[in-house]
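Structural features, examined
These are the residues of each chain, in order.
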Amino acid sequence: MRRNTLTYIMGAIVTLLFPALLSSCNDDETFTTDGNALLAFSEDTIRFDTVFTGVISTTQRFQVYNRHDKGVRIARVELESKSTSGFLMNVDGQNGTTVSDVQVLHKDSVCVFVKVNLPENSSMEPTFVRDAIVFTLESGKQQRVILEASGQNMKAMKGEVLKDDQTFTPDELPRVVYDSLVVGKDATLTLSAGTTLYFHNGASLIVHGTLKIDGTQEKPVTLRGDRLDKMFDYLPYDRLENQWGGIQLTASCKGCTINHADIHSGNYGILCEGIEGNVSITNSIIHNVAGYGLYLQDAKALVANTQVSNTKDDCVSIYGGTADFIHCTIAQFYPWLADRGHALSVSNYLDDEEHLVESANFYNCFITGYANDEVYGNPGNLELNIHFHNCVLLTDTSDGTYFSHCTEESKDSATYKTTNFKTIDTHAYIYDFRLDTLSVARGKGAYEYATLYPTDMNGIERGANPDAGCYQFKE
């Protein structure tokens, strides 16, 4: 009896619902040719940042919406240029310069993917390209989404080894390095003021010979990754780490002189392992890398008016050798991991092998970061020959053996995160390590050391009351 009653009830429900279900199906399959039934788009213009010619860009996407009660058929979707512009599209899973019979059901949408591979041309400057995707509806109405991009010609360097002296200048096409660029033992590579070297993912600059970077304050030399696009509207890939390798100075390197360079967003900054010659780094920035910022092993190094910041491993790591740091800002605000290295690490041992630090001197430097102690020293059984003079440090500065006229920075996070520097933006990864009004580093340097570098990295006079670090405060 109960089973018959249940069967009767279920049959009645199906009988009642079937017309509604059938009506719903019919609505989905009903299409309108009304000229007023237009589509809506999530974007009316798709813009690509400057892309290198001959290289397929990353993919952008937009949605095509049908907000009407009946379906809309798109008779044809085509590139207005008929594929001569270099733009490529995929409409609802279909590739081609022309796609036919795309159905957008009522209250539904389809997705369009767009890439661009701009052809090479004769211009030294970026060339603007414009196209459109034209949607021709079954009603005969047409709608457009605009496509825009700028293409920059470039010279691809794939696995090149320089055997003779070469100078790269900004008057040439931009160079994009693949598979690393190697400077041979008998060669000198000079990067003149204003030059930018772009490196593909994993590519490095490996120096067996000599490296000279001759930037100026107005025209620095830049070493960076080759991605010119953005992860999000507010976040270019150039602000992310690990976009390329870095600079390696090998044991046979005869010397390295770097002035006014911007080295950023690599897997590391500069690795220097027991080179024959000296290392001089002035007025430069090493920033935002996934390993060591400046790694000095048994080196003879001078580093002045330079910023080393935001590294997964130590910002500056010294094993053996000699090093002088004058008016440097070493700031460990690496944002992606809490288990980051120190701002400064100095050790007499590397992998249990002795590497005596003969002398490591820091004058008028500002060394800070997120941790409560940003300076690490490992003397082992040897004397730790490290001395700080008129520096501001986030560490205990009470031992007069190592610290002379130094200022111990407060461990209060509000101080070193907000009041020391112009900008620390952990959302958009924008960092400006110039000193802010209330910075603890103001006036903490000594005039006698400031006379060695009377202007800061940006050319601002230090005067008789110098600040610690590579930046002199200016209203």
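Residues numbered from 1 in each chain as written. Predicted model: local features only at pLDDT ≥ 70, side-chain atom pairs only at ≥ 80, totals over all residues. Heavy atoms only, no water.

A sheet is described by the order of its strands in space; here 11 strands give the open sequence 12-15-18-21-26-29-31-33-38-41-43, paired in parallel fashion. Two strands bound the open sheet, and with one partner strand each, they are strand 12 (155-158) and strand 43 (407-408). Two strands pair when backbone bridges link them, and strand 12 and strand 15 (residues 175-178) are joined in this way by 4 bridges, in the parallel orientation. Residue pairing in the sheet places lysine 155 in a bridge with arginine 175 of strand 15. (Pairing = 2+ DSSP bridges. Helix = DSSP H or I, 4+ residues; strand = E, 2+ residues; numbered from the N terminus.)

Turning to the pairing of strand 37 (residues 357-363), a few remarks are in order. Within strand 37, 5 of the 7 residues are buried, leaving the element largely enclosed by the surrounding structure. Here 6 bridges tie strand 32 (residues 316-326) to strand 37, and the two strands are oriented parallel to one another. What sits directly across from phenylalanine 325, in strand 37, is phenylalanine 362. With 4 bridges joining them, strand 37 and strand 40 (residues 386-389) adopt parallel strand pairing. From the neighbouring strand, phenylalanine 362 faces strand 40, where its bridge partner is phenylalanine 388. (Buried < 20%, exposed > 50% of the residue type's maximum accessible area, 1.4 Å probe, protein only.)

Moving on to the nonpolar core. Ranked by internal contacts, the top residues of the largest apolar core, which has 61 residues, are Leu205, Leu223, Leu249, Phe325, Phe362, Ile367 and Phe388. Tallying contributions element by element places strand 30 (residues 294-304) first for this core, with 5 residues. Filtering out sequence-adjacent residues up to four positions away, isoleucine 367 remains in contact with Ile330, Ala343, Leu344, Phe362, Glu374, Val375, Phe388, Val392, Leu393, Leu394 and Glu409. Core analysis: the second largest hydrophobic core is formed by 29 residues, Phe87, Leu118, Phe135 and Ala149 among them. (Core = buried A, V, L, I, M, F, W, Y, C linked by side-chain atoms within 4.5 Å. Contact = heavy atoms within 4.5 Å.)

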